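The chain contents come next:
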Amino acid sequence: MSSLAYDPNNIFAKILRGEIPSHRVYEDEAVVAFMDVMPQGTGHALVVPKAPSRNLLDADPAIFGHLMAVVQKVAKAAKTAFEADGVAIMQFNEPASGQTVYHLHVHILPRFQGIPLKPHSGQMEKPDVLVANAEKLRAVLARG
Ligand code: AMP
């Protein structure tokens, strides 16, 4: 089972340690949220627990309560910030499911009536778009 071990050098672990940049919109003692750099739609964000686990399958169940509370907070803020019609929550475990980064994370996807999602891990978004969307989301989150 060594191939399923947590790799502390995965890209989200590096983001959590501040070794590579991200467009952060939220942080507390246990969770960080930042913009997905290859968004499947406007305002696509990721909620990431600081505790190391590959995915939901090996995570300590004690983290889920707070993690989901933050998922709800970011989802509500994203719906407001991007004037979305709805919000999809997605979460993948292991390659067969579509997981590509092996540190547990939850996708927040604002959805707009009649607008399909773009492909998963498709195209890099322009940095200025990510900056502007992070600012919009941060502004709503700051209102509490
Ligand atoms: P998953 O398939 O659930 O593991 O999704 C990983 C997500 O991380 C994809 O939506 C990617 O677009 C996104 N992603 C990959 N690298 C980065 C990065 N450096 N910063 C933000 N998002 C990233």
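Basis of the calculations
Throughout this description, residue numbers start from 1 for each chain and increase along the sequence as written. Under the rules for a predicted model, residues below a pLDDT of 70 receive no local features and side-chain atom pairs below 80 are neither given nor counted, while totals for whole chains, interfaces and linings still include all residues. Calculation of side-chain values draws on the structure's entire complement of heavy atoms; hydrogens and water are dropped beforehand. Exposed residues in this analysis have more than 50% of their type's maximum accessible area, buried residues have under 20%, and partly exposed residues fall in between, with area computed by a 1.4 Å probe over protein chains only. By the criteria applied, helices consist of DSSP H or I runs no shorter than four residues and strands consist of E runs no shorter than two, each listed in order from the N terminus. Any two strands between which DSSP finds at least two bridges are classified as paired. Polar contact is the term for a pair of N or O atoms within 3.5 Å; when the atoms are in protein, one must be able to donate a hydrogen and the other to accept it, and sequence-neighboring residues count only if both atoms are side-chain atoms. When checking whether two residues touch, look at their non-hydrogen atoms; a contact exists if any pair is within 4.5 Å.

Participant: Just to check I follow, could you spell out the pairing of strand β5 (residues 106–111) for this structure?
Facilitator: The two faces of the sheet receive side chains in turn, since in a regular strand these alternate between them. The buried count for β5 comes to 5 of 6 residues, which makes it a mostly enclosed element. Bridging between strand β3 (residues 45–49) and β5 involves 3 bridges; their strand directions are antiparallel. Following the sheet pairing, Leu46 is matched in β5 by His107. As paired strands, strand β4 (residues 86–90) and β5 are joined by 5 bridges and run antiparallel to one another. When the sheet's bridge partners are listed, Gly86 is paired in β5 with Arg111.

Participant: How do you make sense of unusual backbone geometry when you look at a structure like this?
Facilitator: A positive phi angle, near 50 degrees, is found at Glu83, a position not held by glycine. With respect to the helices and strands, the residue Glu83 is situated in the loop between α2 (64–81) and β4. Even without glycine at this site, Glu94 takes up a positive phi of about 80 degrees. Relative to the helices and strands, Glu94 resides in the loop between β4 and β5. For Glu94, a relative accessible area of 17% puts it in the buried group.

Participant: Mind showing me how you'd approach the side chain of His105 here?
Facilitator: Along the chain, the position of His105 falls in the loop between β4 and β5. In this structure His105 comes out as buried when scored by relative accessible area, which is 6%. From its side chain, His105 meets the backbone oxygen of His103 in a polar contact 2.7 Å long. Other than its neighbours up to four places away in sequence, His105 contacts Phe12, Leu46, Val47, Val48 and Gln91.

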